[in-house]
Amino acid sequence: MSETRILSADEEEMEDAVREAANLLDAGEVVAVPTETVYGLAADAFNADAVAKVFAAKERPEFDPLIVHIASFKELEDVAAVPEDIAPVVKSLAGAFWPGPLTLVLPKTARVPDLVTSGLPTVAVRQSGNLIFRAIGKQLGRPIAAPSANRFGRISPTSASAVEKELGGRIPLIVDGGACRDGLESTIIAIEPREDKKPLIRILRAGPVTKEDLQKYGKVVIEKRITDRPDVPGQLESHYAPVTPLLMFAKPQDFVPEPGKKYGLLSYRGDPKAGYIDAHDWEVVEELSPGSGKLMEAAVRLFYVMRSLDEAGLDAIVAEPVSETGLGVAINDRLRRASAKPAD
Ligand code: TXA
Ligand code: MG
């Protein structure tokens, strides 16, 4: 592959971009497409050869399963065999959060190739709310397998230009739908029935749909560190990582700069009370929420800001945690994983 085309999907250009993307997917190609969370690298979920191209372009190990995106609730039965005892809660959750950034892990049907699920008996499913994505799925008429459109372990892309940096030259087409609305990958949950009680909802990956949002539907637990969960192979400790080392500390005083090194600060709101701004003569300070958007703004900007600090020629980035409530849980999760050392 040499050239990667970027097609705008703005207004009157949308129809052509959608048709082009759906045709390529139908022909077994991969295409980078916008979703409301992050850009995805899409393939026809029922075409194992096409799915293999996703793994190749991303350099993603085959033990890390993909998310399958359906175009309507009706399509769910093509990819998942929903057990009777959780069917009501699946229906309520879909009614409340689909289309949107919530992914359900459910028993898979035989139609989903094993490569998509890395041989697991379950499949991760969601319905994206992005209009361009939905139009492509509708035109294709089959579910779309799509992981985030970055090279494995790297920062997820929230714009077409970020996708180009990650996968340019490796894929034929990027559909440019502008900046992603949420900026963080979907919340992933598994559901366990409980006798005479509301089901147990386990959050496997924190995301835009928060623990608080889900509480109405069951008893919600956030799964702790992930490496002890062999059934979640993709939830590797080190992930979303810039090339520049990203450091986190229990408290700002724990940061001891090495002489001669250049450090950048990834600050939540630029607030001196957090203790980081004045702790060092930073080469550069980037704020996740410079406006009044707080956690929502921080989520949208997180990967963009991480990427720009990564390109600033620093020796290391120091990240200040955000408040551990609501969306903050997902933001801190990404920061912690970006700061974890890759397993070798
Ligand atoms: O917002 C999103 O979810 C984006 C957009 C493109 O939809 N997609 C995304 O995909 O973040 P990806 O591949 O980067 O992350 C998918 C995660 C992986 O960590 C994987 O392990 C987990 O979903 N996953 C997939 N299938 C699973 C399964 N059957 N059981 C548990 N976890 C699963
Ligand atoms: Mg990813």
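Quick note: structure is the one above.
Now for a look at the structure at hand. Sequence order as written defines residue numbering, which begins from 1 separately in each chain. Whichever chain is written first becomes A and whichever ligand is written first becomes 1, with later ones labelled in order. At least 70 in pLDDT is required for a residue's local features to be given in this predicted model, at least 80 for side-chain atom pairs to be given and counted, and no such filter applies to totals for whole chains, interfaces and linings, which use all residues. Side-chain numbers here rest on the full set of heavy atoms in the structure, without hydrogens or water.

**A short note on the sheet that holds strand β15 (residues 316-319)**
If you walk across this open sheet you meet the 4 strands as β12-β15-β13-β14, and the pairing is parallel. The open sheet has two edge strands with one neighbour each: β12 (246-247) and β14 (284-287). Pairing geometry for strand β13 (residues 263-267) and β15, over 4 bridges, is parallel. Considered in β15, the bridge of Tyr-263 is made with Ala-316. The contact definition used throughout considers only heavy atoms, calling two residues in contact when any of these lie within 4.5 Å. In this analysis an axis means a line fitted to C-alpha atoms, helices contributing only their contacting stretch, and an angle means the value between N-to-C directions, from 0 to 180 degrees. Here a strand is any run of E in DSSP of at least two residues, a helix any run of H or I of at least four, and the numbering for each starts at the N terminus. Set on the sheet, helix α9 (residues 294-310) makes contact with β12, β13, β14 and β15; between it and β14 the angle comes to about 170°. We treat two strands as partners when DSSP finds at least two bridges between them.

**Some thoughts on the site of ligand 1**
Around ligand 1 there are 27 residues in total, and Thr-37, Arg-60, His-69, Ser-148 and Ser-186 lie nearest to it. By the criterion applied in these results, polar contacts are pairs of N or O atoms within 3.5 Å in which, for protein atoms, one can donate a hydrogen and the other can accept it, and in which residues neighboring in sequence qualify only through two side-chain atoms. With respect to ligand 1, the side chain of Arg-60 contributes an N or O atom lying 2.8 Å from an oxygen atom. If ligand 1 stood free it would expose 680 Å²; the protein chains cover 97% of that surface. At the level of elements, β4 (67-69) and β6 (122-126) are the ones that each hand at least two residues to the shell around ligand 1. Here the shell around ligand 1 gets 4 residues from one element, more than from any other, and that element is β6. Considered class by class, the residues forming the shell around ligand 1 number 12 nonpolar, 9 polar and 6 charged. Nearness here has a simple test: a residue counts as near a molecule or strand if at least one of its heavy atoms is within 4 Å of that partner. All accessible areas in this document rest on Shrake-Rupley with a 1.4 Å probe, and a residue is counted as covered only by the protein chains that are shown. Each residue gets one label: Ala, Val, Leu, Ile, Met, Phe, Trp, Tyr, Cys and Pro are nonpolar, Asp, Glu, Lys and Arg are charged, and the others, such as Gly, are polar.

**Description of the side chain of Thr-103**
Here Thr-103 lies in strand β5 (residues 102-107). Here Ser-186 takes part through its side chain, which lies 2.8 Å from a polar atom of the side chain of Thr-103.

**Remarks on a positive patch on the surface**
A surface patch of like charges, here positive, comprises Lys-197, Lys-211, Lys-219 and Lys-224. Mapped onto the secondary structure, Lys-211 falls in helix α8 (residues 211-214). Residues with no salt bridge and a relative accessible area higher than 30% make up the patches, which join like charges within 9 Å and nonpolar side chains (Val, Leu, Ile, Met, Phe, Trp, Tyr) within 5 Å. One side-chain nitrogen of Lys or Arg within 4 Å of one carboxyl oxygen of Asp or Glu is enough to make a salt bridge. In summary, the charge assignment counts Lys and Arg as positive and Asp and Glu as negative, without counting His or the chain termini. In plain terms, the charge of a residue is placed at NZ if it is Lys, CZ if Arg, CG if Asp and CD if Glu.

**Brief notes about the packing of aromatic side chains**
Classification of ring pairs rests on two measures: the distance between centres of Phe, Tyr or Trp rings, Trp counted by its six-membered ring, which must be within 6.5 Å, and the angle between planes, read as stacked under 30 degrees, edge-to-face over 60 and tilted in between. For the coordinates displayed, the defined rule picks out 6 aromatic pairs. Pairing Phe-97 with Tyr-217 gives two aromatic rings, centres 5.7 Å apart and planes at 70°, and the pair type is edge-to-face. Of the two residues, Phe-97 sits in helix α4 (residues 87-97) while Tyr-217 sits in the loop between α8 and β11 (219-222), which places them 120 residues apart along the sequence. Like Phe-97, the residue Tyr-217 is buried in the burial classification. Both rings, one in Tyr-240 and one in Phe-303, keep their centres 5.9 Å apart while their planes meet at 20°; by these two values the pair is stacked. Throughout, exposure labels follow a simple rule: accessible area from a 1.4 Å probe, protein chains only, divided by the maximum for the residue type, with under 20% read as buried, over 50% as exposed, and the rest as partly exposed.

**Regarding the sheet that holds strand β1 (residues 5-8)**
Read across the sheet, 11 strands follow the order β1-β8-β2-β3-β7-β4-β6-β5-β9-β10-β11 without closing on themselves; strand pairing throughout is mixed. Only two strands of the sheet have a single partner each, and these edge strands are β1 and β11. With 4 bridges joining them, strand β10 (residues 197-205) and β11 adopt parallel strand pairing. For Leu-200, the partnering residue across the bridge sits in β11 and is Lys-219. Packed on one face of the sheet, helix α1 (residues 14-26) meets β1, β2 (31-33), β3 (40-44), β7 (144-145) and β8 (173-176) and runs near 145° to β8. Docked against the sheet, helix α2 (residues 48-58) engages β3 and β7, running at close to 155° with respect to β3.

**A short note on the packing of α1 against helix α6 (residues 131-140)**
For any two helices packed against each other, the geometry is given by the interaxial angle and the distance between the axes. The interhelical angle for the contact between α1 and α6, taken along N-to-C directions, is 50°, at an axis separation of 9 Å. The orientation of α1 with respect to α6, classified from their angle, is oblique. Note that α1 runs across α6; the crossing there is right-handed. Packed against α1, whose contacting residues are Met-14, Val-18, Arg-19, Ala-21, Ala-22, Leu-25 and Asp-26, the element α6 presents Leu-131, Ile-132, Ala-135, Ile-136, Gln-139 and Leu-140 at the interface. Grouping the constituent residues of the contact of α1 with α6 by class yields 10 nonpolar, 1 polar and 2 charged. By the definition adopted for this analysis, an angle is roughly parallel if under 35 degrees, roughly antiparallel if over 145, roughly perpendicular if from 65 to 115, and oblique otherwise. The sense of a crossing depends on the near helix, which, turned anticlockwise from the far helix by less than a right angle, makes the crossing left-handed and, turned clockwise, makes it right-handed.

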